Amino acid sequence: MGSRCLSFLLLLGTSGFFQSYAVEVDVKDASNATCLYAKWMMRFLIKYETNSSDYKNATLNLSSSVTHNGSVCGNDTEAALLAVQFGEGHSWSINFTKTNETYQGDFITFTYNTNDTAVFPDAKRKGPVTVVVKDTMRPVQLNNIFVCHNTDFFEAENVTQIFWNVTVQAFVQNGTISKKESRCRADTPTSAPTVPPTIANVTTAPTTTLSPAPTTAPKPVENPDTGNYSLKSGNKTCLLATVGLQLNVSQDKPLLINVNPKTTSADGACGNTTATLKLNDGNSTLIAFTFVVKNASASVQKFYLREVNVTLLNRLNGSVISSADNNNFSKWDTFLGSSYMCRKEQTLEINEDLQIHTFNLWIQPFLVEANTFSTAQECSLDDDSILIPVVVGAALAGLIAIIVVAYIIGRRKSYAGYQTL
């Protein structure tokens, strides 16, 4: 039998640039025995539309006033439910289902209220907005507690949900929290926290010592590996992208980050006039590219890159290191139904502190046929054919100059010979 939550603890802590709250929930059954236990930290990054039709990014954290109405123990026929409410009309919940041997998270439901003007100033849409995502938690053995200290992300409908320092056990047996742990993939219990492997190079100022040590040249940063990404609409591929990505972050220490395609997943949405590719490297980098069709009513249509959003997170505690967006691009312009290619390095200036370098780019966000790229429009950096007429013209000019000089010299010699007669 399920019963309402009888016990709730709220722990206060800080993390990164924003204040974060650790929540500890102890759900008890009718006999006052623990049946569902959880302790975790979370944060939400939300993109919303303003009254001026621009888009802004908001960060929503758990507030100090959290309630827990609706939490349920669950049993063999009823799902367990962990639910919290916070701030000005925001709520979050996850339900758990069980088999004879395991339990796992099922769906996560997050509702944010754009009437909260402190978080969503000048929001065009007013009222609650609900986002539901499928939890990717692997089945956990009954009587084991699930632990994940590293950061995990869920992205859907302009919302990124960030979780870290998670411990949870559903369907607790005999009211006793288990000491047996099931760890998430990102955790390595026997190793100390490490720097995310996507960091390619960090340039620091030289230090001064009493006895200067011999200096060595800094190791050059290698270009990033090229990744292949795609989106589907139903069973049909609707977006194709091949690109190597490198971020240049200007902070206290300049930082170059190579996005690792082996650990990067692609998400997003395809439309007739707008398409968005979201890349999540699984560690600390979230990048979104938005493409639009211009002159949608014209007989000849083109698409281009209009907006790029970047969020860098601390992989260990979920804090936001840097968040930036630029919605005023006019890059990668080509005809609808074609693809755009640029093998040479290009730079996208997000803001004064963050740049994206692209390598071996090949993109088609609309009208993909048979899972293959259409004919590519190459960027001017790649178009070596421009050099051909220049070289030919220079060669012809040089040949003409030689002929003219030879003619003048010949005329002078003829004239001199005529005078001696």
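Within any chain, residue numbers begin from 1 and follow the written order of that chain's sequence. Whole-chain, interface and lining totals are the exception, using all residues; otherwise, since this is a predicted model, local features are given only for residues with pLDDT of at least 70 and side-chain atom pairs are given and counted only at 80 or more. Note: side-chain values were computed over all heavy atoms of the structure, leaving out hydrogens and water.

**Considering empty space enclosed by the protein**
In plain terms, the rule: Only protein atoms enter the calculation, which uses a 1 Å grid: trapped sets of points that fit a 1.4 Å probe without letting it out are cavities, open sets showing protein on both sides within 12 Å along at least five of seven lines are pockets, and any residue with an atom within 4 Å of a point is a lining residue. Grid points are joined across faces, edges and corners, and a volume is the space filled by probe spheres set on the points. Only DSSP runs of H or I with at least four residues qualify as helices, and only runs of E with at least two residues qualify as strands; both kinds are numbered from the N terminus onward.
What the rule picks out here adds up to one cavity of 30 Å³ or more. Space inside the largest cavity adds up to approximately 50 Å³. Along the walls of the largest cavity sit Ala 241, Thr 242, Val 243, Leu 245, Leu 277, Phe 289, Phe 291, Trp 332, Leu 361 and Ile 363, which together make up its complete lining. For the lining of the largest cavity, the elements supplying multiple residues, two or more each, are β17 (236-249), β21 (285-294) and β27 (354-364). Sorting elements by how many residues they give to the lining of the largest cavity places β17 first, with four residues.

**So, the pattern of salt bridges**
It is possible for side chains of opposite charge to pair when their charged atoms get near one another. Heads up, the rule is: The rule for a salt bridge is simple: a side-chain nitrogen of Lys or Arg has to be within 4 Å of a carboxyl oxygen of Asp or Glu. Here's how the labels work: a residue is buried when its accessible area is under 20% of the maximum for its type, exposed when over 50%, partly exposed in between, all with a 1.4 Å probe on protein chains only.
One pass over the structure, following the stated rule, counts nine salt bridges. In this structure, Asp 333 engages Lys 294 in a salt bridge whose closest nitrogen and oxygen atoms are separated by 2.4 Å. Placement of the pair is Asp 333 in strand β24 (residues 331-335) and Lys 294 in strand β21, with a sequence separation of 39 residues. Given the relative accessible area of 23%, Asp 333 is considered partly exposed. Each of Lys 294, Lys 302 and Asp 333 takes part in a single network of salt bridges with overlapping partners.

**Here we look at the environment of Leu 336**
Using the following cut-off: By definition in these notes, contact holds between two residues if any of their heavy atoms fall within 4.5 Å.
Here Leu 336 is to be found in the loop between β24 and β25 (339-342). Placed 32 residues apart in sequence, Leu 336 and Tyr 304 show a C-alpha to C-alpha distance of 9.2 Å. If we skip the residues at most four places from it in the chain, Leu 336 touches Val 293, Gln 301, Lys 302, Phe 303, Phe 366 and Leu 367.

**Describing the pairing of strand β12 (residues 152-156)**
Where we set the bar: Strand pairing follows a simple DSSP-based rule, namely that at least 2 bridges must link the two strands.
Here β12 lies mainly inside the structure; four of its five residues are buried. One ladder, built from five bridges, connects β12 with strand β13 (residues 159-170); its direction is antiparallel. Within β13, the position partnered with Ala 156 by the bridge is Val 159. Following β12, the chain reverses through two residues before pairing antiparallel with β13; Glu 157 in that reversal takes a positive phi of roughly 50°.

**Comments concerning the packing of aromatic side chains**
Going by this rule: Aromatic pairs are defined between Phe, Tyr and Trp rings, using the six-membered ring for Trp, whenever the two ring centres lie within 6.5 Å; interplanar angles under 30 degrees are classed as stacked, those over 60 as edge-to-face, and all others as tilted. In this analysis the charged atom, NZ for Lys or CZ for Arg, is taken to sit over a ring once it is within 6 Å of the ring centre and within 35 degrees of the ring normal.
The tally for this structure, following the rule as stated, stands at 13 aromatic pairs. Considering the side-chain rings of Tyr 48 and Phe 120, the 5.3 Å spacing of their centres and the 85° angle between planes classify their relative orientation as edge-to-face. Of this pair, Tyr 48 sits in strand β3 (residues 34-49) while Phe 120 sits in the loop between β8 (102-113) and β9 (128-134); the two residues are 72 residues apart in sequence, bridging distant segments of the chain. In this structure, Tyr 48 and Phe 120 share a single accessibility class: buried. A network of ring pairs unites the aromatic residues Phe 44, Tyr 48, Phe 86, Phe 110, Tyr 112 and Phe 120 as a single cluster. In this structure, Lys 47 packs its charged tip against the face of Tyr 55, placed 5.2 Å from the ring centre. Note that Lys 302 overlies the ring of Phe 335, its terminal NZ or CZ placed 4.6 Å from the centroid.

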